[in-house]
Amino acid sequence: MNMKPIITGISTGITAGAIAYAVSTATNKEKRMLKCRAGKALHAMGDVMDGISMIMK
């Protein structure tokens, strides 16, 4: 039995649950900050992926 897909699924579920809880209990100001930080995190991950693809070429 391959454990990697199971662990990935569990960690994804935990992350999604934590995000849903954080958004549901946050105030309007905190929700705006969450959106801002999420946008910055996605931008940073895009830069990392670009860097990795450049290294692999």
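Before any of the text, the structure's been laid out above.
All values reported here derive from a predicted model rather than from experimental measurement. (Residues numbered from 1 in each chain as written. Predicted model: local features only at pLDDT ≥ 70, side-chain atom pairs only at ≥ 80, totals over all residues. Heavy atoms only, no water.)

1. Re the overall build of the protein
Within the protein, the secondary structure is distributed over two helices and zero strands. A compact globule built from 57 residues would reach a C-alpha radius of gyration of about 10 Å, whereas the protein, at 16 Å, exceeds it by more than 25%. Along the longest, intermediate and shortest principal axes, the C-alpha atoms of the protein span 45 × 35 × 5 Å. Residue burial in the protein is summarised as follows: out of 57 residues, 2% are buried. Of the roughly 5200 Å² of accessible surface on the protein, 70% is carried by carbon and sulfur atoms. (Helix = DSSP H or I, 4+ residues; strand = E, 2+ residues; numbered from the N terminus. Rg over C-alpha atoms; globule rule 2.2 N^0.38 Å. Buried < 20%, exposed > 50% of the residue type's maximum accessible area, 1.4 Å probe, protein only. Areas by Shrake-Rupley, 256 points an atom, 1.4 Å probe, with all protein chains shown as cover.)

2. Regarding a nonpolar patch on the surface
Residues Met45, Val48, Met49, Ile52, Ile55 and Met56 make up a contiguous nonpolar surface patch of roughly 670 Å² in combined accessible area. Here Met49 is to be found in helix 2 (residues 28–56). (Patch = residues over 30% accessible without salt bridge, like charges linked within 9 Å, V, L, I, M, F, W, Y side chains within 5 Å. Salt bridge = Lys/Arg side-chain N within 4 Å of Asp/Glu carboxyl O.)

3. Concerning the environment of Ser24
The topology assignment puts Ser24 in helix 1 (residues 4–25). Among the polar contacts listed, one links the side chain of Ser24 to the backbone oxygen of Tyr21, at a separation of 3.0 Å. (Polar contact = N/O pair within 3.5 Å; in protein donor to acceptor, adjacent residues only side chain to side chain.)

4. Remarks on the environment of Glu30
In this fold, Glu30 is placed in helix 2. Using a relative accessible area of 42% as the deciding quantity, one classes Glu30 as partly exposed. Between the alpha carbons of Glu30 and Ala41 there is a distance of 16 Å; along the sequence they are 11 residues apart.

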